[in-house]
Amino acid sequence: MGFGGTRRWLAWTAMGALAMIAASCTSAAASTGTASAPATKTITLEAAHPYSPTAPTLGTTDDYHCTLVDPHVTTDSMITASEFLPRSPEVHHAILFLVPPAVVAAARAADANGQGWTCFGETPLPGVSLAALSQTPWLAAWAPGHGRDEAPAGTGIPLPAGSLVIMQIHYNMLVGTAPVQSKLVLTTVPAATSDLTPLRLNLIVAPPDVPCPAGVSGPLCDRSASLADLGQRFGQDQVGFVSLIERVCGRDPQDPPAGDSTSCVWPVGFSGSVVRVTAHMHLLGASFKLVLDPGTPQQRTLLDVPSYNFDYQRSYDIPSVSVHPGDSFQVSCTYNPVLRQQLPQLRDLPARFVTWGDGSSDEMCLAIISYVQ
């Protein structure tokens, strides 16, 4: 996915732990229903014109672009399914964010003449304070391998009347720079006539610190030089975020342990039942695991992906697992750094010490936990 839109959301979460596609779009709706089931509506959001990915800074091979779109929702609704159609291979991932009525005016002000804005690693609205991040939650996400995404049985994602949405799309220009015209399809039901439980998200990360493999050298194989390059490509707040998650995970931000694997334990900050887990890394990802209450008699593996495949990312529905404050999640990832010299997208890039970053050539270790309360 890339999921650069996680950065400020996670920064907000970490601080607590420490202390579509065009404003001019086409929207089509069709309703069906029976006497015993709520009527369903299909909302289609499609760009009126293609968007051409552009490098916002010299040396950057990724473009994160946010666009405000209007689904014309006139009644409080619940999203029961979503399907994103990227329509071009340079689309690395997409995240759809809710813009509730309370912040619609701010969103319209940010949407310069309907052209959208660059949004590397950002909460979708520029200039939003960390305290306001929860105002624009995720509605849906897409990554390679996803098709139609059905919400877990009995759940839905709230879509209030009068809301707008923001589509954040990460374009990987190592693949191409052709104009892109993506499409998103949402299936909804009226909230008033459904008995669906709202589906909520929690994000858990670990900081990758992957050195150049044996026999490979270059200026960016030095971690400090690699972080300086990261800051040049995406801004110094990205370097600050790397330091933040190192501290949250109990590491020295200046000299964290380096290797082909990473792990971090986070406290559970809610009471509820986990019903779905999504694993996310980038192109060097090899394996992924999420464990509840590690190192205790109650330890339980919620998800184990021994052979991670970037091109076949998916969400895993799991039997409902109750969690409460006092529990903890441990996310662990392993990487194969040799792939940087082998994969067509990466092999012509300079060798580097790989850290967390928004770029397709950087890495992540992210668990997306879906739960109900």
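The structure presented is a predicted model; accordingly, all values stated were derived computationally and were not measured.

Caption draft 1: Summary view of unusual backbone geometry. For Arg 87, which is not glycine, the phi torsion reads 65° and is therefore positive. Mapped onto the fold, Arg 87 is located in the loop between strand 4 (77–85) and strand 5 (91–99). Phi at Asp 293 is positive, roughly 50°, even though this residue is not glycine. As for its placement among the helices and strands, Asp 293 is situated in the loop between strand 17 (285–292) and strand 18 (300–305).

Caption draft 2: Representation of the pattern of salt bridges within the structure. Taken as a whole, this structure holds eleven salt bridges when the rule is applied. A salt bridge links Asp 229 to Arg 233; the shortest N-O distance between them is 2.9 Å. Taken together, the residues Asp 229 and Arg 233, both in helix 3 (residues 223–234) and four residues apart, mark about one turn of the helix. Both residues of the pair, Asp 229 and Arg 233, belong to the buried class. With a closest N to O distance of 2.9 Å, Asp 229 and Arg 352 form a salt bridge. Here Arg 352 lies in the loop between strand 20 (328–335) and strand 21 (354–355) and Asp 229 lies in helix 3, a separation of 123 residues in the sequence. The exposure class of Asp 229 is buried, given its relative accessible area of 19%. A relative accessible area of 6% means that Arg 352 is categorised as buried. A network of salt bridges, in which partner residues are shared, links Asp 209, Arg 223, Glu 246 and Arg 251.

Caption draft 3: Looking closely at the state of the cysteines. Throughout the structure, instances matching the rule amount to four disulfides. Two residues share a disulfide in this structure: Cys 212 and Cys 221, whose sulfurs sit 2.0 Å from each other. Judged by the sign of its S-S torsion, about -95°, the cystine formed by Cys 212 and Cys 221 is left-handed. We classify Cys 212 as buried; its relative accessible area is 15%. Each sulfur of the disulfide joining Cys 333 and Cys 365 lies 2.1 Å from the other. One disulfide, between Cys 333 and Cys 365, carries an S-S torsion of 85° and so falls in the right-handed class. A residue pair is termed long-range when its members are at least 10 positions apart, and Cys 333 in strand 20 and Cys 365 in the loop between strand 21 and strand 22 (366–372) qualify at 32 residues. The disulfide pattern of the protein is 1-2, 3-4, 5-6, 7-8 when the bonded cysteines are numbered in sequence order.

Caption draft 4: Highlighting the packing of aromatic side chains. Applying the stated criterion across every chain, the model contains six aromatic pairs. Relative to Tyr 171, the ring of Tyr 51 lies with its centre 5.3 Å away and its plane at 35°, an arrangement referred to as tilted. A residue pair is termed long-range when its members are at least 10 positions apart, and Tyr 51 in the loop between strand 2 (37–47) and strand 3 (62–69) and Tyr 171 in strand 10 (residues 164–172) qualify at 120 residues. Residues Tyr 51 and Tyr 171 agree in their burial class; the two are buried. Between Phe 84 and Trp 142, the ring centres sit 5.4 Å apart and the planes meet at 45°, which makes this aromatic pair tilted.

Caption draft 5: Broad picture of the sheet that holds strand 18. Read across the open sheet, the four strands follow the order 15-20-17-18; overall the sheet is antiparallel. Taken across any chain shown, the strands that pair with only one partner, and hence form the sheet edges, are strand 15 (261–267) and strand 18. Averaged over neighbouring strand pairs, the angle between their axes works out to 15° when direction is ignored.

What counts, and at which threshold
- Every residue gets a number counted from 1 within its own chain, in the order that chain's sequence is written.
- Per-residue local features are limited, in this predicted model, to residues with pLDDT of at least 70; the limit for side-chain atom pairs, both in listing and counting, is 80 or more; totals at the level of whole chains, interfaces and linings are taken over all residues.
- As a rule here, side-chain values come from all non-hydrogen atoms in the structure, and water together with hydrogens is ignored.
- Helix and strand definitions follow DSSP, with helices as H or I runs of at least four residues and strands as E runs of at least two, each counted in order from the N terminus.
- A side-chain nitrogen of Lys or Arg and a carboxyl oxygen of Asp or Glu constitute a salt bridge if their distance falls within 4 Å.
- Buried, partly exposed and exposed residues are distinguished by accessible area as a fraction of the type maximum, computed with a 1.4 Å probe on protein chains only: under 20%, between the cut-offs, and over 50%, respectively.
- Only a pair of cysteine sulfur atoms within 2.5 Å counts as a disulfide in this structure description.
- Note on aromatic pairs: the rings of Phe, Tyr and Trp (six-membered ring only in Trp) are paired at centre separations within 6.5 Å, and the planes decide the class, stacked below 30 degrees, edge-to-face beyond 60, tilted for the rest.
- Here, any two strands with at least 2 DSSP bridges between them count as paired.
- Between N-to-C directions, angles cover 0 to 180 degrees, with each direction set by a line fitted to C-alpha atoms, over the stretch in contact for helices.

Shape descriptors only; they carry no functional weight alone.
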